[in-house]
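Structural overview for review
The chain contents come next:
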Amino acid sequence: MPSSSYLITWLLIVSVANAVNVSYNRPKLCPNATWYQNGTTIANETIIGNHPHAFFIDNNNNIYVVAHSEKKILRWDKELNKSEVIVDIKLFEHSRLFVTIDGDIYFEKEEEKDKEKEKGHIYKWTNSTRNSTHVVDFERSCRALFIDINNTIYCSIRDGNKVISTSLNDTNKTFTTVVGGDSPGLLTYQLEKPHGIFVDINFNIYVADTENGRIQRFRPGQKNGTTVAGCGFPQSLTLNRPIDVILDADNNLFIVENDHSRIIRIGPGNFQHILAKKDSHEKLPDQLNHPYSIRFDSDGNIYVADTHNHRIQKFTLATNSCDSTTIVAEEVTTISTDENEQLPNIFYPHACEDSTEIGSHCDVSNAPCNQLQPCLNNGTCSNNDTNVHGYFCLCPEGFNGTECQLDFRVCKSDTCFNDGTCLTLNATFNCSCKSGWEGKHCEHKISHCLNVTCENNGICRPLLLNYTCECLGNFYFGRHCEITATKLIIYKIISKSFAYIAIIAMASVMIFIIVMDVLKYFFGIDLTREEREQIRRKKLKKKRNRVTGQLILIKAPGIADKVETKEETVV
C-alpha cells in the first residue's frame, strides 16, 4: 500500500477518535515498524519511588504517573517540559489510571478501614476544580480501570476472576459482570486473575487473562471470549503471565509479558518480540524487570512501567515506513536447441479483470480463506474485510480461538483411558469404562480382592477381571489356600504327639509331688521316712569313720594297739 493511502487511513482514524472523544493514543504503525532497543528513563525511583505500576499518556502526550510510595500522582506537561504534583493522596498499590479528554483523572484510593477487604474505592480528580471526589465503590480492588466512549467504567477484579462495569451516568451505580465470574478456569467464558483491560470504540473488550496465559477478546454483549494471543495462537505463541494489553490504529495488540519481562506485538497471523530480552531482569537500557503497564504517545513511541527496576522507560520509534517493496523483474537468458540462437525469457505478470482472482489464468481466489485455509478442527472460514485478520472462523461446538485452535470439548481423545468411552452429560463428562477398569477417567484397575479372604495367611493378587491367592510355600494350595498338604498334616500330628507326651510327663511329676505333700502334712504319712533315716545313718557312719582315721594318724606308735583294740570294742 502506498504511503498516501496510509496517510489517508491515519487521518480518518484520528478524525474518528476525536469525534468519539478518545483520550488515549492509538498511533498508525506499519507492519515493519521498529523501535530503538535502548530505552530512555523519563522517571526513576528518586522521583516516583519504588515499584511503579500505573501511568497514563493522554492525546496531548502529557504523562501521568502514580507514585504509590510517595502518596501522589505526578504529571509531566509536554508544553512546559516539567513535572508537578496534582494529586496528594494515598493510592492503592496496583491502581491503574484513566485520564479523560478533559484531563480528569480516575484512580483508586486506599482506605484504611477497608484495607483488609481491599474494596475498590474509585475517586475522580477534576481538572477544572483540582479537587478529588468519590465516584463509586467496586466489590474488590481493581487491577485495571478503563472508561469507554459511553462513559462506562470497567474494573478488572483479580481475586474475583471477572470484569465489572457501571455507567458513570447512572446515579444508582448498577453493577454488571461483563465477563468472567467467581470461579476461575480456562473455558471461553472464564478468567483467572485478570489484569489489564482495553475497550475499543466498537466496545470489544480485550482482557489480559494473566494466569491462563492469554489475551481474550469479548464482543459486545457476549460472555464467551475468543483467544487472540497465547495458548498456541498465533504460531504456537505461549505467554507467561500477560499483564497488560493495548491496541494500535490497526488493532494490532501490544502485550506486556510480566514473567518473561518483554513486550510482544501481535499482528495478523504472526507475533514479534519487539522490546527487551526474555528473562533478562536487569537494569540495563535494553532490558526490563517484570514490567507492568504499557502506553503509546501520539508519535508511536512506547512507554513501559519497568516495575522492579523502579522506573518509567521510553522506547523511541525508529522506523515506520509503510512503502511497499519494489520488485524488479530480471531478464533471464535461455539456450534453445540451436546453439547460436538466444531467446529472452521474461515474465510479464498481467492483471486480472476480477480483483478477487489471481493466477496465470485468473482462476484462483485471493481471499484469505482460500489462500490461508486458517480454520482448524473443521472450522468454517468466512471472509470478513472488517476483521483485522481478513477472515472469521466459525468453530464447531467445543472449539474456540481465532483459528478454532483451542479445544474446549468436554470429551477429548485422552479424557477416558484404557479404551473407555466418553459421554457428555450436562456440560461434564462421564467415562464408561471397559470391564476390569474404574475411576473418573477409567484409570484404575478394579481390585477383585476387596471381598476376598485368602486362608492360611495367603496373599490376594488382583488380576484383570479376576484374582489369585498366593499361598505360603508348598504347604497350602487351592483357590483360597484352604487345602493343607499331607506332609504338613503329618508334621502337625508328630509335633502334637511330642507336645502331649511332654505335658503328661510334667503333669505326672506335679501330681506326685502334690500327693506326697498332702500325705505328709495333712495325714502325717511320710512314705520316704525310713529311706531318709537309712540315708541319714549311712551318712553319719561315714562321718565317724573319717574322724577315727584321723585319730590313728596323729597318735604315737606305742599307743596304736590300744587304739585299735578300743575301735573294735566300740564297733
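Per chain, the residues get numbers from 1 upward, laid out in the order the sequence is written. Reporting in this predicted model follows two pLDDT cut-offs: at least 70 for local features of residues, and 80 or more for side-chain atom pairs to be given and counted; totals over whole chains, interfaces and linings ignore these cut-offs and use all residues. For side-chain calculations, the full set of non-hydrogen atoms in the structure is used, while hydrogens and water are omitted.

**Overview of the overall build of the protein chain**
Helix and strand labels come from DSSP, where a helix needs a run of H or I of at least four residues and a strand needs a run of E of at least two; each type is numbered from the N terminus. Helix and strand content of the protein chain: 6 helices and 42 strands. Categorising residues by exposure relies on relative accessible area from a 1.4 Å probe, with only protein chains included: less than 20% of the type maximum marks a residue as buried, more than 50% marks it as exposed, and the intermediate range marks it as partly exposed. Taking all 571 residues of the protein chain together, 38% fall into the buried category. The contact rule is simple, with two residues in contact once any of their heavy atoms fall within 4.5 Å. Residue pairs at least 24 apart in sequence account for 41% of intrachain contacts in the protein chain once pairs closer than 6 positions are excluded. For every accessible area listed, the method is Shrake-Rupley and the probe measures 1.4 Å; residues are considered covered only by the protein chains on display. For the protein chain, the accessible surface area stands at approximately 33300 Å², while carbon and sulfur atoms represent 52% of it.

**A look at the packing of aromatic side chains**
How two aromatic rings sit relative to each other is set out by the distance from centre to centre and by the angle between their planes. Only Phe, Tyr and Trp rings take part, Trp by its six-membered ring, and two of them pair if their centres are within 6.5 Å. Stacked means planes under 30 degrees apart, edge-to-face means over 60, and tilted covers everything else. All told, the structure shown has 10 aromatic pairs when counted by the stated rule. Feature note: the residues Tyr24, Phe56, Phe98, Phe146 and Phe198 constitute an aromatic cluster, connected by ring pairs. Any Lys NZ or Arg CZ found within 6 Å of a ring centre and within 35 degrees of that ring's normal is scored as a charge over the ring. A cation over a ring is seen here: Arg479 above Tyr467, with NZ or CZ 4.0 Å from the ring centre.

**Quick word on the confidence of the model for the protein chain**
Confidence of the predictor at the level of single residues is captured by pLDDT, which takes values from 0 to 100. Averaged over all residues, the pLDDT of the protein chain equals 83, while 84% of them reach at least 70. In this model residues 1-11 is a low-confidence stretch, pLDDT under 50, and it forms 9 contacts with partners more than four residues away in sequence or in other chains. Contacts of residues 324-348 to residues separated by more than four positions or lying in other chains number 12 contacts, the stretch itself having pLDDT below 50.

**Quick notes on the sheet that holds strand E21 (residues 262-267)**
DSSP-based pairing: two strands are paired if at least 2 bridges between them are found. In spatial order, the strands read E19-E20-E21-E22; together these 4 strands make up an open sheet with antiparallel pairing. Pairing within the sheet leaves two strands with one partner each, and these edge strands are strand E19 (242-247) and strand E22 (270-275). Each adjacent strand pair in this sheet contributes to an overall mean axis angle of 25 degrees, direction not counted. The sheet contact formed by strand E20 (residues 253-257) and E21 spans 5 bridges and is antiparallel. In the sheet register, Phe254 faces E21, and the bridge partner there is Arg265. Axis lines are fitted through C-alpha atoms, for helices just across the contact stretch, and the angle between N-to-C directions can take any value from 0 to 180 degrees.

**Observations regarding the UniProt feature "domain: EGF-like" (unreviewed entry) in the protein chain**
The UniProt entry lists residues 365-405, 407-443 and 445-482 under the feature "domain: EGF-like" (unreviewed entry), expressed in the numbering used here. Helix makes up 0% of residues 445-482 and strand 34%, and the two end C-alpha atoms of the span are 27 Å apart. UniProt positions are given in the numbering used here, feature names are shortened, and annotations may be inferred rather than shown by experiment.

**Here's the deal with the nonpolar core**
Of all hydrophobic cores here, the largest spans 76 residues; its most connected members are Phe107 and Leu253. Nonpolar core, defined: a set of buried Ala, Val, Leu, Ile, Met, Phe, Trp, Tyr and Cys residues in which side-chain atoms within 4.5 Å join the residues together. Ranked by size, the runner-up nonpolar core spans 12 residues in total, among them Ala43, Phe55, Ile57 and Ile312.

**Observations regarding the environment of Ile294**
Locating Ile294 in the fold gives a position in strand E23 (residues 294-296). On the accessibility criterion, Ile294 (0% relative accessible area) is buried. In sequence terms Ile294 and Ile243 are 51 residues apart; their C-alpha atoms lie 9.6 Å from each other. Apart from the residues lying within four places of it in its own chain, the contact partners of Ile294 are Phe55, Asp244, Ile246, Phe254, Val256, Ile263, Ile302 and Tyr303.

**Re the sheet that holds strand E24 (residues 302-306)**
Overall, antiparallel pairing links the 4 strands, which are arranged E2-E25-E24-E23 in an open sheet. One side of each edge strand has no neighbouring strand; the edge strands of this open sheet are strand E2 (40-43) and E23. Between one strand axis and the next, the sheet turns through 30 degrees on average, direction left out of account. Pairing of E2 with strand E25 (residues 311-315), which is carried by 3 bridges, proceeds in the antiparallel orientation. Note that in E25 the partner of Thr40 across the bridge is Lys314.

**Let's talk about the pattern of salt bridges**
Salt bridges are defined as contacts in which a side-chain nitrogen from Lys or Arg sits within 4 Å of a carboxyl oxygen from Asp or Glu. Under the criterion given, the structure shown has 19 salt bridges. As a salt-bridge pair, Glu110 and Lys90 come within 3.4 Å of each other at their nearest N and O atoms. Placement of the pair is Glu110 in the loop between strand E8 (105-109) and strand E9 (120-126) and Lys90 in the loop between strand E6 (82-88) and strand E7 (98-99), with a sequence separation of 20 residues. Residue classification places Glu110 among the buried positions, given a relative accessible area of 17%. Notably, a salt bridge pairs Lys162 with Asp182, separated by 3.1 Å at the nearest N-O pair. With a gap of 20 residues between them, Lys162 in strand E13 (residues 162-167) and Asp182 in the loop between strand E14 (176-180) and strand E15 (197-199) connect regions that are remote in the sequence. Of the residues examined, Lys162 reaches a relative accessible area of 7% and is grouped as buried. Taken together, the shared-partner salt bridges connect Arg75, Glu84 and Arg130 into one network.

**Points about a nonpolar patch on the surface**
Each patch groups residues whose relative accessible area exceeds 30% and which form no salt bridge, using 9 Å between like charges and 5 Å between nonpolar side chains of Val, Leu, Ile, Met, Phe, Trp and Tyr. A surface patch of nonpolar side chains, amounting to about 920 Å² of accessible area, comprises Met510, Ile514, Val518, Tyr521, Phe522, Phe523, Ile525 and Leu527. Relative to the helices and strands, Met510 resides in helix H4 (residues 486-521). With relative accessibility at 52%, the residue Met510 sits in the exposed group.

**Considerations on the UniProt feature "repeat: NHL" (unreviewed entry) in the protein chain**
Listed under "repeat: NHL" (unreviewed entry) in the UniProt record, and renumbered for this structure, are residues 190-221 and 275-318. What you have in residues 190-221 is 0% helix and 41% strand, and the ends, taken at the C-alpha atoms, are 15 Å apart.

**Quick word on the pairing of E25**
Most of E25 is tucked away: 4 of the 5 residues are buried. Here 5 bridges tie E24 to E25, and the two strands are oriented antiparallel to one another. Directly across from Tyr303, in E25, lies its bridge partner Lys314. Hairpin connection between E24 and E25: a loop of 4 residues separates the two successive antiparallel strands, and His310 in this loop has a positive phi of roughly 60 degrees.

**Focus on unusual backbone geometry**
Here the amide bond leading from Phe233 into Pro234 is cis, since omega sits at -15 degrees, within 30 degrees of zero. Even without being a glycine, Asn457 presents a positive backbone phi close to 65 degrees. Here Asn457 lies in the loop between strand E38 (444-445) and strand E39 (459-463). Asn457 gets classed as exposed once you look at its relative accessible area, which sits at 63%.

**Some thoughts on the pairing of E8**
Within a regular strand, side chains alternate between the sheet's two faces. Burial runs high along E8: 4 of the 5 residues are buried. Examined bridge by bridge, E7 and E8 share 2 bridges and lie antiparallel to one another. If you follow Val99 over to E8, its bridge partner there is Ile105. Joining the antiparallel neighbours E7 and E8 is a turn of 5 residues, in which Gly103 adopts a positive phi near 85 degrees. Both E8 and E9 contribute to a ladder of 5 bridges, which runs antiparallel. Within the sheet, the bridge partner assigned to Phe107 lies in E9 and is Tyr123.

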